[in-house]
Amino acid sequence: MTTAARSCLLLLACAAPWLAEAAPEAPPAAPTFSEPEGSLTLDEALALALAHSPLLQASSSAEAAFDGRVLQAGKIPNPEVELRLQNNEAPDSTDPDSQRWRVILSQDFELGGKRQRRVVLAEAERTIAKSSRAALANQIESAVRADFNALLGAERRVLAAQSYVD
């Protein structure tokens, strides 16, 4: 893949969220979160936090993108076609007989295990993305546990204060 093609793909990948928002046929999805009723256990709080975390959802999307990169890394490069118009005579000549079209078809042949190294690199990046997602899930879980314990402590302090008032 040429540098220009990579730059174009990178630009499209970066602009994709804004392009998706600008599309009239794709209305934004409404959040499907509903407040739990009754008392909430720690396991339920953890499940809700992990299921509705936008950071984890983004991390899952990034992980899927790395899966695609691993698949693409194993493929042979696409052939390239170039079309040129050349003047055989003077550059300012407008004679149609002096102009020729030239079609150039080229194909890169990778040697020396280049494709295999690209696959190994893509798999390593995918492993890093999975580890990053697991670390993020652990951070969310520890934050939920800390907040849940702080809430339980606050509830007990309220009950103790209420018993002093009674």
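Structure first, text after, so check above.
Throughout this document, residue positions are counted from 1 along each chain, in the order its sequence is written. Restriction of local features to residues with pLDDT of at least 70 applies here, the model being predicted, together with a cutoff of 80 or more for giving and counting side-chain atom pairs; totals for whole chains, interfaces and linings are based on all residues. To get the side-chain values, take all heavy atoms of the structure and skip hydrogens and water.

A few words now on the overall build of the protein. When helices and strands are tallied, the protein shows four helices and two strands. Helices and strands appear in the protein in the N-to-C order α-α-α-β-β-α. For the protein, the proportion of its 166 residues judged to be buried stands at 11%. Pairs of residues are marked as contacts when any of their non-hydrogen atoms sit within 4.5 Å. Of the contacts formed within the protein by residues at least 6 apart in sequence, a portion of 60% connects residues at least 24 apart. Strands here mean DSSP runs of E at least two residues long; helices mean DSSP runs of H or I at least four residues long; both are numbered from the N terminus. Categorising residues by exposure relies on relative accessible area from a 1.4 Å probe, with only protein chains included: less than 20% of the type maximum marks a residue as buried, more than 50% marks it as exposed, and the intermediate range marks it as partly exposed.

In what follows, salt bridge is the name for a side-chain nitrogen of Lys or Arg lying within 4 Å of a carboxyl oxygen of Asp or Glu. Under the definition given, this model contains six salt bridges. A salt bridge links R84 to E82, with the shortest nitrogen-to-oxygen separation between them at 2.6 Å. Here R84 falls in the partly exposed class, since its relative accessible area comes to 36%. Across the salt bridge formed by R118 and E110, the nearest N and O atoms sit 2.6 Å from each other. Assessed through its relative accessible area of 22%, E110 is described here as partly exposed. Through salt bridges that share partners, E110, R115 and R118 make up one connected network.

Axes here refer to lines fitted to C-alpha atoms; in helices the fit is confined to the stretch in contact. Angles between the N-to-C directions go from 0 to 180 degrees. The contact between helix 3 (residues 54-73) and helix 4 (residues 114-165) brings their axes to 8 Å, and the two run at 170 degrees. Looking at the two axes, helix 3 sits roughly antiparallel to helix 4. Partitioning the contact of helix 3 with helix 4 into residue classes produces 11 nonpolar, two polar and 10 charged. An angle counts as roughly parallel when it lies under 35 degrees, as roughly antiparallel when it exceeds 145, as roughly perpendicular when it falls between 65 and 115, and as oblique in every other case. Amino acids outside the nonpolar list (Ala, Val, Leu, Ile, Met, Phe, Trp, Tyr, Cys, Pro) and the charged list (Asp, Glu, Lys, Arg) are all regarded as polar, and Gly is one of them.

Further remarks concern the environment of S60. Mapped onto the fold, S60 is located in helix 3. In this structure S60 comes out as partly exposed when scored by relative accessible area, which is 29%. The sequence separation of S60 and A129 amounts to 69 residues, and the corresponding C-alpha distance is 8.8 Å.

A word on the nonpolar core. Definition used in this section: a nonpolar core is a set of buried Ala, Val, Leu, Ile, Met, Phe, Trp, Tyr and Cys residues joined via side-chain atoms within 4.5 Å. Core analysis: the biggest nonpolar cluster contains eight residues, these being A45, L46, L56, L136, A137, I140, V144 and F148. Of all the elements in the fold, those that place two or more residues in this core are helix 2 (42-51) and helix 4. A per-element tally of this core places helix 4 first, with five residues.

Turning our eyes to something else, we now look at the packing of helix 2 against helix 4. To describe two helices that pack against each other, one gives the angle between their axes and the distance between the axes. Two elements in contact, helix 2 and helix 4, have axes whose closest approach is 10 Å; the angle formed by their N-to-C orientations is 140 degrees. By the angle between their axes, helix 2 is oblique relative to helix 4. The two elements helix 2 and helix 4 meet at a crossing, and its hand is right-handed. In contact with L42, A45, L46, A49 and L50 of helix 2, helix 4 contributes A137, I140, E141, V144, R145 and F148. Each crossing gets its hand from how the near helix is turned against the far one by less than a right angle, where anticlockwise is left-handed and clockwise is right-handed.

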